[in-house]
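# Architecture and fold: a report
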Amino acid sequence: MNRSLLGVVSCLSLFCATGMGQPAPCTVSDHTEYSKKIKEFTTEPVFTTELVDHLPLSSCVPAPDSFLHHIVGAPDVLDYTKDINAYMRLLASKSPRVKVWGIGKSEEGREMLVVAVSDESNLAKLDRYKEITARLADPRGLSEADAQKLIAEGKPIYWADGSIHSPETGAPEMLMELAYRLAVEDTPFIQKIRKDSIVLITPIVEVDGHDRMVDIYMQHKKHPDQAPYPLVWWGHYVAHDNNRDNLGMSLALSRNMLKTFLDWHPTVMHDLHESVPYLYIMTGTGPYNAWLDPIVISEWQEMAYHEIEEMTKRGVIGVWTHGFYDGWAPNYLLSIANNHNSIGRFYETFGNGGADTRVRTLRPADTSREWYRPNPPLAKVKWSARNNINMQQSAILFGMNNLAANGQKFLNNFYLKSKRAVEKARTEGPAAWVFPADDARPGEQARFLNLLQEQGVEVHRIEKEIRLPAGESKTEAPGKAAAARSAQDKGEAKEER
Ligand SMILES: [Zn+2]
């Protein structure tokens, strides 16, 4: 009752065009039919929270079921890329709090999207917010006072992306409901996210593989007597290692994501995966990569423990951290963010490889009580696609709210990490490498330099002959002061062999 009343009042400021061209006030109530189905498809109350156990109904913005003809997380159904993209574009056409644009195409021509959700006034100033994060990302020449002014004016950006791994099918569905919920719900919790941050959503990273996965899943549903064929390839001649490409950039998805990252400098980039029960929140076991600023290591922990605590307080079981990932290897998609001074993180939720509801029996290794898993998963449970949706959507909402509530701190951390990355080059090196103009393999050299440029590395041409001291090695491990002074300090490039 309170929720719908609040919705009606607060939505008076939102207008949608009617058939007569007259703006009519939007109203929000409870979508009782949808909420009833959420409850029906959730197998146990310990697999949901009050954030996602219902859906608001807007008089202006179409809920997912009106377009998809099923609720998000319904059993036995998955949606194709073109339908998910079409729903996101429909949201943007109906809500002033949503914008959608393409970020590039896959090898087979499918479109990857970014869906931006925030207050209308924030969306009107997206270019300014993008300018602020770009300036904080490269603070050379920026005074401390000016940096603090930009931080005070800026908004943190949370970028969530789904399904780089095609058998992990929950995130593209969940992200449709999340975009809708963020656009229309009027609880103070959601209002905070809209007002004090910008959410970016890429519903499907591996768009080609997603469609192949939906094909085989729906074929299996039509012919349940036939075992489903596992996919040989997910994308275009690539499978699980499509998230090992963020340094080499051989795939369209990697290039599209990197280009978008460097365009926006999101404060957080969050990949949504599925494997271990029920929700693993990445922090990692260490050893952590010594090239990463220690600040990001504590940001991983802080964000993870905030979400674990909020979920656990509500009686949700099997939310944990630490194990599973090491935090060293720079070869996951999320490393695009960690390699550029933002926060790269991921979830693993429990999926059923489709939208079946099945009884799942776990191995003792998945259910043992550990210091990092004090509230472990159950040995046996009936698991549904909706459970998966509830877990990932609830937790990421806590993450988004945490970022919005502490936006200045996270933006300041981003600035600090960026500033220290520049200082590290100046004080410890290496700051530059020299590539000879007479390389015997100029084609390979050019490709490599182009790749560095794609990664945001500056490439300059030396215009006059320079002499470098012989035998000066700058290959010390990070943290040790190297003898080299930076090329920027001396106004010239130094050789690194
Ligand atoms: Zn995965």
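Counting starts from 1 at the beginning of each chain's written sequence and moves along it residue by residue. Only residues with pLDDT of at least 70 are given local features in this predicted model, and only at 80 or more are side-chain atom pairs given and counted; all residues enter the totals for whole chains, interfaces and linings. Excluded from the side-chain calculations are hydrogens and water; all other atoms, namely the structure's heavy atoms, are used.

## Structural notes on the overall build of the chain
- Secondary structure assignment for the chain yields 18 helices and 14 strands.
- Contacts were defined at the residue level, with two residues in contact if any of their heavy atoms lie within 4.5 Å. Looking at the chain alone, contacts between residues at least 24 apart form 78% of all its contacts between residues at least 6 apart. The helix and strand labels rest on DSSP assignments: H or I over at least four residues marks a helix, E over at least two residues marks a strand, and numbering proceeds from the N terminus.

## Digging into the environment of G399
- Tracing the sequence through the fold places G399 in helix α15 (residues 385-405).
- For the pair G399 and E310, spaced 89 residues apart in the sequence, the C-alpha separation amounts to 9.8 Å.

## Notes on the coordination of the zinc ion
- The rule for donors is simple: N, O or S, within 2.8 Å of the metal, or within 3.2 Å if the metal is Na, K or Ca. Water isn't counted, so a site may look like it is missing partners. Protein coordination at the zinc ion comes from H165 (ND1), E168 (OE), E168 (OE) and H273 (ND1), with a distance range of 2.1 to 2.4 Å.
- Because the angles between the 4 donor atoms bound to the zinc ion fall within 55 to 152°, the donor set is best described as irregular.
- To sort residues, take the accessible area from a 1.4 Å probe on protein chains only and compare it with the maximum for the residue type: under 20% means buried, over 50% means exposed, and anything in between is partly exposed. Looking at H165, the relative accessible area reads 1%, which means it is buried. Angular criteria define each label, namely tetrahedral for four donors with all angles between 85 and 135 degrees, square planar for four and octahedral for six donors with opposite donors over 155 degrees apart and remaining angles between 65 and 115, and irregular for whatever fails these tests.

## Description of the state of the cysteines
- Cysteine sulfur atoms are paired as a disulfide whenever they fall within 2.5 Å. All chains considered together, the criterion is met by 1 disulfide.
- One disulfide in the model links C26 with C60; its S-S distance is 1.8 Å. Across the S-S bond linking C26 and C60, the dihedral sits near -105°, which makes this disulfide left-handed. Here C60 lies in the loop between β4 (56-58) and α3 (64-68) and C26 lies in the loop between β2 (23-25) and β3 (28-30), a separation of 34 residues in the sequence. The same class applies to C26 as to C60, namely buried.

## Observations concerning unusual backbone geometry
- Cis geometry marks the peptide bond from G286 to P287; its omega dihedral reads 0°.
- Take P287: it is sitting in the loop between β10 (279-281) and α12 (294-313).
- Cis geometry marks the peptide bond from G429 to P430, where omega comes out at -5°.
- A positive phi is found at H69, a non-glycine position, where the angle reads about 65°.
- In this model, N341 sits at a positive phi of 75°, which is unusual for a non-glycine residue.
- Turning to its location among the elements, N341 is positioned in the loop between α13 (335-338) and β12 (343-349).

## Quick notes on the layout of surface pockets
- Points on a 1 Å grid, built from protein atoms alone, make a cavity when a 1.4 Å probe fits but cannot get out and make a pocket when they are open with protein on both sides within 12 Å along at least 5 of 7 lines; residues with an atom within 4 Å of a point are the lining residues. Grid points are joined across faces, edges and corners, and a volume is the space filled by probe spheres set on the points. Of the pockets and cavities examined, the second largest pocket occupies roughly 160 Å³.
- Every element with two or more residues in the lining of the second largest pocket is listed here: β9 (268-274) and β12.
- Across the lining of the second largest pocket, the residue classes break down as 5 nonpolar, 5 polar and 4 charged. Gly is placed with the polar residues, together with every amino acid not listed as nonpolar (Ala, Val, Leu, Ile, Met, Phe, Trp, Tyr, Cys and Pro) or charged (Asp, Glu, Lys and Arg).

## Notes on the packing of α12 against α15
- Contact pair α12 / α15: the axes reach a minimum separation of 9 Å and the direction vectors enclose 125°. Accordingly, the angle class assigned to the pair α12 and α15 is oblique. Considering only the axes of α12 and α15, their crossing is right-handed. Of the residues in α15, those touching α12 at M303, H306, E307, E310 and M311 are M391, S394, A395, F398, G399 and N402. To get an axis, fit a line to the C-alpha atoms, keeping to the stretch in contact for a helix; angles then go from 0 to 180 degrees between the N-to-C directions. Note on angle classes: values under 35 degrees are labelled roughly parallel, values over 145 roughly antiparallel, values of 65 to 115 roughly perpendicular, and the remainder oblique. We call a crossing left-handed when the near helix sits turned anticlockwise from the far one by less than a right angle, and right-handed when that turn is clockwise.

## Some points on the sheet that holds strand β5 (residues 98-105)
- Should DSSP find at least two bridges between two strands, the strands are regarded as paired. Ordered by their spatial adjacency, 8 strands build an open sheet running β5-β6-β8-β7-β9-β12-β10-β11, and the pairing between neighbours is mixed. Here the strands that pair on one side only, and so sit at the sheet edges, are β5 and β11 (319-320).
- As judged from the 3 bridges shared by β10 and β12, these two strands associate in the antiparallel manner. Considered in β12, the bridge of I281 is made with Y347.
- The sheet strands contacting α12 are β7 (157-162), β9, β10, β11 and β12, and the helix crosses β12 at an angle near 35°.

## What to know about the confidence of the model for the chain
- Taken as a whole, the chain shows an average pLDDT of 90; of its residues, 90% reach a score of 70 or greater.
- Confidence drops under a pLDDT of 50 for residues 1-19, and excluding neighbours within four residues, the segment shows 39 contacts in the predicted structure.
- Every residue carries a pLDDT, the predictor's confidence in it, which falls somewhere between 0 and 100. A low-confidence stretch, residues 475-497 (pLDDT under 50), is modelled with 47 contacts involving residues beyond four sequence positions or located in other chains.

## Section: a nonpolar patch on the surface
- Surface patches are drawn from residues lacking salt bridges whose relative accessible area is over 30%; two like charges belong together within 9 Å, two nonpolar side chains (Val, Leu, Ile, Met, Phe, Trp, Tyr) within 5 Å. All accessible-area figures derive from a Shrake-Rupley calculation using a 1.4 Å probe, and residue coverage is judged against the displayed protein chains alone. We define a salt bridge as a contact between a side-chain nitrogen of Lys or Arg and a carboxyl oxygen of Asp or Glu at a distance within 4 Å. On the surface, V232, W233 and Y237 cluster together into a nonpolar patch covering about 390 Å² of accessible area.
- Note on Y237: relative accessible area 60%, which makes it exposed.

## A look at helix α10 (residues 207-222)
- What a helix should span is 1.5 Å times the count of its residues minus one. For α10, built from 16 residues, the straight-helix expectation of 22 Å at 1.5 Å per residue is met to within 8% by its first-to-last C-alpha distance of 23 Å.
- Within α10, the full set of buried residues consists of V207, D208, G209, H210, D211, M213, V214, Y217 and H220.
- As for α10, its buried residues are in contact with α4 (81-94), β6 (111-117) and α8 (170-184).

## Considerations on empty space enclosed by the protein
- Scanning the model with the defined rule gives 6 cavities of 30 Å³ or more in all.
- Of the pockets and cavities examined, the largest cavity occupies roughly 100 Å³.
- Along its surface, the largest cavity is lined by 19 residues, and L78, G170, G354, A355 and A385 are the ones closest to its centre.
- Secondary structure elements with two or more residues in the lining of the largest cavity: α8 and α15.
- If one sorts the elements of the lining of the largest cavity by residue count, α15 sits on top with 3 residues.

## Comments concerning the pattern of salt bridges
- As enumerated under the stated definition, the model contains 31 salt bridges in all.
- D138 serves as the salt-bridge partner of R140, at 2.9 Å between the closest nitrogen and oxygen.
- Given the relative accessible area of 30%, D138 is considered partly exposed.
- Taken together, the shared-partner salt bridges connect E108, R110, D208, D211 and R212 into one network.

## Things to note about the side chain of T260
- Looking at where T260 falls in the secondary structure, it is placed in helix α11 (residues 252-264).
- For T260, a relative accessible area of 5% translates into the label buried.
- Apart from residues lying up to four places away in sequence, T260 is in contact with I103, V114 and W159.

## Some thoughts on the packing of aromatic side chains
- Working definition: a ring pair exists when centres of Phe, Tyr or Trp rings (six-membered ring for Trp) sit within 6.5 Å. Plane angles under 30 degrees give stacked, over 60 give edge-to-face, the rest tilted. For the structure on display, the rule yields 20 aromatic pairs.
- A centroid spacing of 6.0 Å and a plane angle of 50° characterise the contact between Y280 and F346, whose relative ring orientation is tilted. Placement of the pair is Y280 in strand β10 and F346 in strand β12, with a sequence separation of 66 residues.
- Their ring planes at 15° and their centres at 6.2 Å tell us that Y332 and F346 sit as a pair that is stacked. Taken together, the residues span a long stretch of sequence, with Y332 in the loop between β11 and α13 and F346 in strand β12 at a distance of 14 residues. Each of the two residues, Y332 as well as F346, counts as buried.
- Ring pairs connect the aromatic residues Y280, W320, F324, Y325, Y332, F346, W371 and Y372, which therefore count as one cluster.
- Positioned above the aromatic ring of W320 is the side chain of R373, whose terminal nitrogen or guanidinium carbon lies 4.8 Å from the ring centre.
- The cationic tip of K409 hangs over the ring face of F410; the distance from NZ or CZ to the ring centre is 4.8 Å. Only when the NZ atom of a Lys or the CZ atom of an Arg is both within 6 Å of the ring centre and within 35 degrees of the ring normal do we say a charge sits over the ring.

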